[in-house]
Amino acid sequence: MRLVDSHSHLFLEEFSEDLPQVIKRARVAGVTHIFMPNIDSSTIESMLRVCSEYKGYCFPMIGLHPTSVNADYRKELDFVAEYLTMPNEYVAIGEIGIDLYWDRTFLEEQLIVFEQQVEWALKYDLPIVIHCREAFDYIYRVLEPYKTTPLRGIFHSFTGTIEEAVRILDFPGFYVGINGVVTFKKSTLPEVLQSIPLERVVLETDSPYLTPVPNRGKRNESANVKDTLIKVAEIYHKVPEEVGWITSNNALKVFAMLK
């Protein structure tokens, strides 16, 4: 079995007491790469430390999460800009995007921050990992002018409609990230995925969040990407090994790591 967890926050405090065991379980499950999106200036050091401890297995991104955007957003953006100019091994700009689920107060600032980071992705030839919550139309309007550019990336934790999926697929370098939500009883993703080619899907956990069935309600971890794989394989009527191989190659391709 070959698996890639394209989105995991194993550097958060939820894993401070047993990270070695979490990594071991991921390896046993067949996970070969874990990609780690940053949140803001408060998380970068812990993320880089974990990626250093598990070099070649855990890979860092740099970016400003939309829920961390506030009136002082320029300080956080300057932080990202500074880290991008340093010698680094960042594999993406992420996670970035727009989140209107909790609060719309800083929508204008979120749009500015998102577009700036898209520009940096093009400048540094890095993919973007997009966080979208109740904001698809806003994100699409920012991205649309870039449709003919080399911009590439992942719509992380995709839970949108078939129509939204089709609009994403208009961007040839973009993939949809599928996690434990696909296993939830009321999820519409099984139907939506029937309109998305498997060649445009990557798997993720979003650990420690969105734990798939049968462990829903517990802390999520990278090994649980296998439960998402089994559900996705069922939807596509393929054996898990084939789906694991295809989705892993998709992830490594978008992060420019496919050998």
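See the structure shown above.
To keep things clear, this report deals only with the structure shown in the data block. Just so it is clear, the structure is predicted and the values come from calculations on it, not from any experiment.

### Examining the sheet that holds strand β3 (residues 58-60)
Item 1. With parallel pairing, the 3 strands of this open sheet are ordered in space as β1-β2-β3. In this open sheet, the two edge strands, each paired with only one partner strand, are β1 (3-5) and β3. Strand-to-strand, the axes of this sheet are offset by a mean angle of 20°, without reference to chain direction.
Item 2. In this sheet, strand β2 (residues 31-36) lies alongside β1 in parallel orientation, the contact comprising 3 bridges. Considered in β2, the bridge of V4 is made with H33.
Item 3. Relative to the sheet, helix α2 (residues 44-53) contacts β2 and β3, its axis offset from that of β3 by approximately 145°.

### Digging into the pattern of salt bridges
Item 1. Tallied over the entire structure, the rule returns 9 salt bridges.
Item 2. A salt bridge links E221 to R25, with the nearest nitrogen and oxygen atoms 2.7 Å apart. Here the residue E221 occupies a position in the loop between β8 (201-203) and α8 (225-236), and R25 occupies one in helix α1 (residues 19-29), the gap between them amounting to 196 residues.
Item 3. Assessed through its relative accessible area of 8%, E221 is described here as buried.
Item 4. Residue class for R25 comes out partly exposed when judged on its relative accessible area of 37%.
Item 5. Notably, a salt bridge pairs E221 with R219, separated by 3.3 Å at the nearest N-O pair.
Item 6. A single salt-bridge network, built from bridges that share partners, covers D18, R25, R219 and E221.

About the cut-offs
- Residues numbered from 1 in each chain as written.
- Predicted model: local features only at pLDDT ≥ 70, side-chain atom pairs only at ≥ 80, totals over all residues.
- Heavy atoms only, no water.
- Pairing = 2+ DSSP bridges.
- Helix = DSSP H or I, 4+ residues; strand = E, 2+ residues; numbered from the N terminus.
- Axes fitted to C-alpha atoms, helices over the stretch in contact; angles between N-to-C directions.
- Contact = heavy atoms within 4.5 Å.
- Salt bridge = Lys/Arg side-chain N within 4 Å of Asp/Glu carboxyl O.
- Buried < 20%, exposed > 50% of the residue type's maximum accessible area, 1.4 Å probe, protein only.

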